[in-house]
Amino acid sequence: MTESNANRSDVLFLCVANSARSQLAEGIARTLVPSGVSVHSAGSEPGKLNPLAVVAMAEIGIDISRHDSKSTDEIPSDRIGKVITLCAEEVCPVFPEHVEKFHWPIPDPAGFDGPEDEALIRFRVARDDIAAHLRDFFEV
């Protein structure tokens, strides 16, 4: 690791709207990351935090109700060491910095246009899939 990359310990989760998958990942990762590592999420076309993401996370005791959807421009890019994209059926945003990049194709639960109870099931599936990836990623 070069001197300039030595301080790049933060993790960034990216998807398009930063309303569901990346928010789920940010919330879960904050409970798993080692000391000294910060977690961020952003989107290429930020929207609004999906209320079902808040509900799905509350079910596992994680409060993301104060999270905001953010653009990649709002992220401290000089601190990011790892970027994880979560897009499945859409084109993922690109993070221009030279960092470690990972891709976990998670179907967008916010893309479901049906009854709320069925939509919540999709958020739970995405949440649990992301949590499994994160436990492996952080080796916990």
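These notes cover the structure that comes with them. Fair warning: this is a prediction, and the values are worked out from it, not measured in the lab.

Focus: the sheet that holds strand β1 (residues 10-15)
Here is step 1 of the chain: An order of β2-β1-β3-β4 is seen for the four strands of this open sheet, with the pairing classed as parallel. Here the strands that pair on one side only, and so sit at the sheet edges, are β2 (39-43) and β4 (100-103). Pairwise comparison of adjacent strand axes, ignoring direction, gives a mean angle of 25 degrees for this sheet.
Here is step 2 of the chain: When β1 meets β2, the two strands line up parallel, connected through five bridges. For Cys15, the partnering residue across the bridge sits in β2 and is Gly43.
Here is step 3 of the chain: Sitting on the sheet, helix α1 (residues 21-32) is in contact with β1 and β2, with an inclination near 180 degrees to β2.

Section: unusual backbone geometry
Here is step 1 of the chain: Despite not being glycine, Asn18 shows a phi value in the positive range, around 50 degrees.
Here is step 2 of the chain: Tracing the sequence through the fold places Asn18 in the loop between β1 and α1.
Here is step 3 of the chain: For Asn18, a relative accessible area of 0% corresponds to the buried category.
Here is step 4 of the chain: Of note in this structure, Glu139 is not a glycine but carries a positive phi near 55 degrees.
Here is step 5 of the chain: Looking at the secondary structure, you find Glu139 in the segment after α3 (116-137).

Observations regarding the packing of aromatic side chains
Here is step 1 of the chain: This structure, assessed with the given rule, holds three aromatic pairs.
Here is step 2 of the chain: Relative to Phe137, the ring of Phe102 lies with its centre 5.1 Å away and its plane at 85 degrees, an arrangement referred to as edge-to-face. Taken together, the residues span a long stretch of sequence, with Phe102 in strand β4 and Phe137 in helix α3 at a distance of 35 residues.
Here is step 3 of the chain: Aromatic pair Trp104 and Phe137: ring centres 5.7 Å apart, planes at 80 degrees, arrangement edge-to-face. On the criterion of sequence distance, the pair formed by Trp104 in the loop between β4 and α3 and Phe137 in helix α3 is long-range, its members being 33 residues apart.
Here is step 4 of the chain: Take Trp104: its relative accessible area is 9%, and that puts it in the buried class.

Some remarks on the pairing of β2
Here is step 1 of the chain: Along β2, five of the five residues are buried, which leaves the element largely enclosed by surrounding structure.
Here is step 2 of the chain: Here β2 shows no split at all, with Val39, Ser41 and Gly43 on one side and His40 and Ala42 on the other all buried.
Here is step 3 of the chain: Note on the crossover from β1 through α1 to β2: the handedness is right-handed.

Definitions and cut-offs
Residues numbered from 1 in each chain as written. Predicted model: local features only at pLDDT ≥ 70, side-chain atom pairs only at ≥ 80, totals over all residues. Heavy atoms only, no water. Pairing = 2+ DSSP bridges. Helix = DSSP H or I, 4+ residues; strand = E, 2+ residues; numbered from the N terminus. Axes fitted to C-alpha atoms, helices over the stretch in contact; angles between N-to-C directions. Contact = heavy atoms within 4.5 Å. Buried < 20%, exposed > 50% of the residue type's maximum accessible area, 1.4 Å probe, protein only. Phe/Tyr/Trp six-rings, centres within 6.5 Å; stacked < 30°, edge-to-face > 60°. Right-handed = clockwise from strand over helix to strand, strands pointing away.

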